[in-house]
Amino acid sequence: MAARVRQCGARSRGGASGYLERLVREDQLREGVDAMARWYAQHPGYAEDAEAERAAAADELGESA
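Residues numbered from 1 in each chain as written. Predicted model: local features only at pLDDT ≥ 70, side-chain atom pairs only at ≥ 80, totals over all residues. Heavy atoms only, no water.

**Topic: the packing of helix H1 (residues 2–11) against helix H2 (residues 15–42)**
When two helices pack together, their arrangement is given by the angle between the helix axes and by the axis-to-axis distance. The line we're drawing: An axis is simply a line fitted to the C-alpha atoms; with a helix, the fit covers only the stretch in contact. Between two such axes, the angle follows the N-to-C directions and lies from 0 to 180 degrees. Working definition: helices are DSSP H or I runs of at least four residues, strands are E runs of at least two. Numbering for both runs from the N terminus. Put simply, angles under 35 degrees are roughly parallel, angles over 145 are roughly antiparallel, angles from 65 to 115 are roughly perpendicular, and the rest are oblique. What makes two residues a contact is simply this: any of their non-hydrogen atoms within 4.5 Å. Gly falls in the polar group here, along with every residue not listed as nonpolar (Ala, Val, Leu, Ile, Met, Phe, Trp, Tyr, Cys, Pro) or charged (Asp, Glu, Lys, Arg).
Look at H1 against H2: their axes get within 7 Å of each other, and the N-to-C directions meet at 100°. As the angle between them shows, H1 and H2 are arranged roughly perpendicular. Contacts from Val5, Cys8 and Gly9 of H1 reach H2 at Gly15, Ala16, Tyr19 and Leu20. Residue composition of the contact of H1 with H2, by class: five nonpolar, two polar and no charged.

Below, the structure is given as structure tokens:
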């Protein structure tokens, strides 16, 4: 595995440490997206409820929705 990191790092901006940093950042992003997907799956009406609340508030203020 270390050889692969050195090989990819040699072709990447920032060398091996930059390559590893990008891999970790991509993992963090993937984990965050997965967590959001799980949350929205557990709260299926959230987006619709939030939009209804936003539209009601805009209506009360006399703004167009």
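On we go from here.
**Description of the packing of aromatic side chains**
Rules: Here is the rule: rings of Phe, Tyr and Trp (six-membered ring for Trp) pair when centre to centre is within 6.5 Å. Planes less than 30 degrees apart are stacked, more than 60 are edge-to-face, and the remainder are tilted. Only protein chains enter the area calculation, which uses a 1.4 Å probe; residues under 20% of their type maximum are buried, those over 50% are exposed, and those in between are partly exposed.
Evaluation of the coordinates by the stated rule reveals three aromatic pairs. With a centroid separation of 5.1 Å and 85° between ring planes, the pair formed by Trp39 and Tyr40 is classed as edge-to-face. Residue class for Trp39 comes out partly exposed when judged on its relative accessible area of 35%. Take Tyr40: its relative accessible area is 41%, and that puts it in the partly exposed class. For the pair Tyr40 and Tyr46, a centre-to-centre distance of 6.0 Å together with 65° between the ring planes defines the contact as edge-to-face. Three or more aromatic residues joined by ring pairs make a cluster, and in this case those are Trp39, Tyr40 and Tyr46.

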